[in-house]
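Listed below are the residues making up each chain.
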Amino acid sequence: MERHDSMNRISFCLITRNEERNLARALRSIASVADEAIVVDCGSTDRTTEIAREHGAKVVYRAWTNFGDQRNFAVAQSSHEWIYTLDADEALSDELRISLREWKQKEPEFAVYEGPRLTQYLGGWIRHSGWYPNMQRRLYQKSAAHYEGIVHETLVFDGELGRLRGDLLHYTIETFADHEAKVESYCTLAAQKMFDAGKRSWRAAKWFATPWTFLQSFVFRAGFLDGYRGALIAHMAARSVRLKFRRLGALVQQTKRNSN
């Protein structure tokens, strides 16, 4: 990874597993701004780690625990005070690269910076449906913030946020089967998280939150402007809610049976 002459040096941190389809694009996109790249892999069986090394990244193995732990571990491997957390299926846009290069030459005003993420879904960019601008807090001073969370990890910090120009590009779902698989995985984790937090009410949410979720995505968040992709996004958002609460119900009922 190339070293750049600047006031603020940035370590880009990624966590991976079987990302050979995406990783090269992500690492190419950061080449002109990254002072180092850290890839923490949890056991890829494809060419992920080879691709990472080919692009100059430092590769470290860590068995999977959860998203928050993996990200914090990756940050702990970094050499610089400023961190940018990136997913393998993301890439910096041209404007975001320019914004970061300009930021590196200035005295930082904030400890954490956010910026918009633009998602590509089934080959098209989604600018509505509640998916954009989808602000992401990715650039931060590692002494001032850390990640918490098992499913949707959160960057925890105090103080005000700065803002970066330019979109973080997210190449998330290429086929509808990919979307179905993501929903299945997410719902299982989300149901367990709700159950562990003590939530036991699920029937009303399953029946009423499901149609409301579709309406919210397709109508109130202008998903119809995203065409058929917007309709699919709304449908899958509603399905995700239904499955999440159905699986929570299954956990609740299993616990009751086991206690009898």
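Overview of the structure. Please read these numbers as outputs of a predicted model, since none were measured by experiment.

This next bit is on the overall build of the protein. The helix and strand inventory of the protein stands at 7 helices and 13 strands. In terms of overall dimensions, the protein is globule-like: its C-alpha atoms have a radius of gyration of 20 Å, near the 18 Å expected for 260 residues. Seen through its principal axes, the protein has C-alpha atoms that stretch 65 × 45 × 40 Å. For the protein, buried positions account for 47% of its 260 residues.

The next thing to look at is the packing of helix α6 (residues 203-220) against helix α7 (residues 227-259). Here α6 crosses α7 at 165 degrees, and the two axes come no closer than 8 Å. By the angle between their directions, the pair α6 and α7 is classed as roughly antiparallel. Considering the relative orientation of α6 and α7, their crossing is right-handed. Each residue belonging to the contact of α6 with α7 can be placed in one class, and the counts come to 11 nonpolar, 7 polar and 4 charged.

Attention now moves to the nonpolar core. Counting 27 residues, the largest nonpolar core has Phe12, Ile30, Tyr84, Leu92, Leu100 and Leu139 as its most contacted members. Those elements giving two or more residues to this core turn out to be β1 (10-16), α1 (23-30), β2 (36-41), α2 (48-54), β4 (82-85) and α4 (94-104). Examining the composition of this core, we find that 5 residues originate from one element, α1, more than from any other. Contact partners of leucine 139, with chain neighbours within four places excluded, come to Ile10, Trp82, Ile83, Tyr84, Leu100, Trp103, Ala111, Val112, Tyr113 and Leu164. With 14 residues, the next largest nonpolar core counts Val40, Ala74, Val75 and Tyr147 among its residues.

Our next topic: the sheet that holds strand β3 (residues 58-61). Strand order in the open sheet formed by 7 strands is β3-β2-β1-β4-β9-β6-β12, and the pairing between neighbours is mixed. Edge positions in the open sheet fall to β3 and β12 (161-163), since each of these has one partner strand only. For this sheet, the mean inter-axis angle between neighbouring strands, taken without regard to orientation, is 30 degrees. Bridge count between β2 and β3: 4 bridges; the pairing is parallel.

The next point concerns the side chain of histidine 179. Note on placement: histidine 179 falls in helix α5 (residues 176-196). Histidine 179 gets classed as buried once you look at its relative accessible area, which sits at 8%. Setting aside its immediate chain neighbours within four residues, histidine 179 contacts Tyr121, Ile173 and Met236.

Let us look at α5. One turn of the α-helix equals 3.6 residues, which is why residues spaced by three or four share an orientation. With 21 residues, α5 extends 30 Å from end C-alpha to end C-alpha; this agrees with the ideal 30 Å at 1.5 Å per step. When α5 is considered as a whole, its buried residues turn out to be His179, Val183, Cys187, Ala190, Ala191, Met194 and Phe195. Buried residues of α5, viewed axially, fall in a sector of 125 degrees; they line one side. Residues of α5 that are buried sit in contact with β7 (117-121), β13 (168-173) and α7. Where α5 ends, the next residue or the one after it, glycine 198, has phi of about 95 degrees, a positive value.

How each quantity is defined
- Every chain is numbered independently, its residues counted from 1 as its sequence is written.
- Restriction of local features to residues with pLDDT of at least 70 applies here, the model being predicted, together with a cutoff of 80 or more for giving and counting side-chain atom pairs; totals for whole chains, interfaces and linings are based on all residues.
- Note that the side-chain values use all heavy atoms of the structure and ignore hydrogens as well as water.
- Only DSSP runs of H or I reaching four residues or more are called helices, and only runs of E reaching two or more are called strands; each is numbered from the N terminus.
- For the radius of gyration, the atom set is restricted to C-alpha positions; the globular benchmark scales as 2.2 Å times the number of residues to the power 0.38.
- Summary of the burial criterion: residues with accessible area below 20% of their type's maximum are buried, those above 50% are exposed, and those between are partly exposed, where the area comes from a 1.4 Å probe applied to protein chains only.
- A fitted line through C-alpha atoms represents every axis, and for helices the fit uses only the stretch in contact; the resulting angles, taken between N-to-C directions, go from 0 to 180 degrees.
- Here the word oblique covers every angle except those under 35 degrees (roughly parallel), over 145 (roughly antiparallel) and from 65 to 115 (roughly perpendicular).
- Should the near helix be turned anticlockwise from the far one by less than a right angle, the crossing is termed left-handed; should it be turned clockwise, right-handed.
- All amino acids are sorted into three groups, where Ala, Val, Leu, Ile, Met, Phe, Trp, Tyr, Cys and Pro are nonpolar, Asp, Glu, Lys and Arg are charged, and the leftover types, Gly among them, are polar.
- As used here, the term nonpolar core means buried Ala, Val, Leu, Ile, Met, Phe, Trp, Tyr and Cys residues forming a set that is joined through side-chain atoms within 4.5 Å.
- We call two residues in contact whenever any of their non-hydrogen atoms come within 4.5 Å of each other.
- Following DSSP output, two strands are said to pair if at least two bridges run between them.
- For a helix, the expected span equals 1.5 Å multiplied by the number of residues minus one.
- Of all possible arcs, the one meant is that of the directions from the helix axis to the C-beta atoms.

All quantities given are derived from atomic positions and should not be read as evidence of function.
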